[in-house]
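In case you want the letters, here they are:
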Amino acid sequence: AVEALTKGQGSEIRLDDQVVAGPTFKEFANTWFNERSIEWRRSHIRSLLSTMNGHLIAHFGEKVVSRITKSEVLEFRATLAKVKGRKDKEGLSHKRINEIMGLLRQIMEEAADRLEFTTPCAKIKKLHEPRVDIQPFNLNEVQSIIYTVRADYKNYFVARIFSGMRTGEIH
């Protein structure tokens with residue numbers, strides 16, 4: 001990994017006797033976020049900001065965006081598997097790691113397009129996410145629900161249970 005020895009004016013970083021021009025990851029990510037945030041709901045904005053600040057900027061923040069390598073991205077992904085997860089689980093889930101890496105991929109692809117470099121995320125595959133074990137109600141449980149629910153909700157629950165529609169569709 002190339003480390004910055006001194007930071008110059010603006011977005012120039014001096015590496016030994018070389019000057020590497022270009023925005024840092026933090027600068028570019030904030031620009032990307034500000035340009036795109038008009039498309040998103042407030043809840044999505046809060047979620048992305050949390051991921052950007054808590055993971056991406058914390059790790060890549062001061063690196064020149066065009067100098068981030070594939071090995072650094074893979075190393076970052078590996079560290080996510082060791083971050084303390086929810087309920088004292090060791091490591092984040094593959095689903096959460098894929099979400100974080102997806103945001104990194106979007107930012108890096110836009111940076112690569114604008115600054116004309118090859119994105120280091122190009123051939124990094126998503127982690128396998130295990131299938132969720134869904135346990136639907138058995139027929140006895142369904143009958144119990146239908147017979148104990150208020151009369152004005154009975155038709156709703158029959159349609160809800162037997163149609164297979166999702167919540168938004170049935171409502």
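Residues numbered from 1 in each chain as written. Predicted model: local features only at pLDDT ≥ 70, side-chain atom pairs only at ≥ 80, totals over all residues. Heavy atoms only, no water.

Asks: Lay out the nonpolar core with the relevant residues and their values.
Replies: Membership of the largest hydrophobic core comes to 30 residues, with the highest contact counts inside it found for Phe25, Met52, Leu56, Leu104 and Ile107. Looking at this core, the elements with two or more residues in it are helix H1 (25–36), helix H2 (42–60), helix H3 (70–80) and helix H4 (94–115). Here this core takes 9 residues from H4, the largest share from any one element. Those residues within four positions of Leu56 in sequence are excluded, and the remaining contacts are Phe25, Thr51, Gly61, Phe76, Ile100, Leu103, Leu104 and Ile107. (Core = buried A, V, L, I, M, F, W, Y, C linked by side-chain atoms within 4.5 Å. Buried < 20%, exposed > 50% of the residue type's maximum accessible area, 1.4 Å probe, protein only. Helix = DSSP H or I, 4+ residues; strand = E, 2+ residues; numbered from the N terminus. Contact = heavy atoms within 4.5 Å.)

Asks: I'd like a description of the packing of H2 against H3, backed by residues and values.
Replies: Axis separation between H2 and H3 bottoms out at 12 Å; the angle between their running directions is 140°. Taken as axis vectors, H2 and H3 run oblique relative to one another. Remark: the crossing between H2 and H3 carries right-handed chirality. Contact with H2, carried on its side by His55, Leu56, His59 and Phe60, involves Glu72, Val73, Phe76 and Leu80 of H3 and no other residues of that element. Of the residues assigned to the contact of H2 with H3, the class counts are 5 nonpolar, 2 polar and 1 charged. (Axes fitted to C-alpha atoms, helices over the stretch in contact; angles between N-to-C directions. Parallel < 35°, antiparallel > 145°, perpendicular 65-115°, else oblique. Left-handed = near helix turned anticlockwise from the far one by under 90°. Nonpolar A, V, L, I, M, F, W, Y, C, P; charged D, E, K, R; others polar.)

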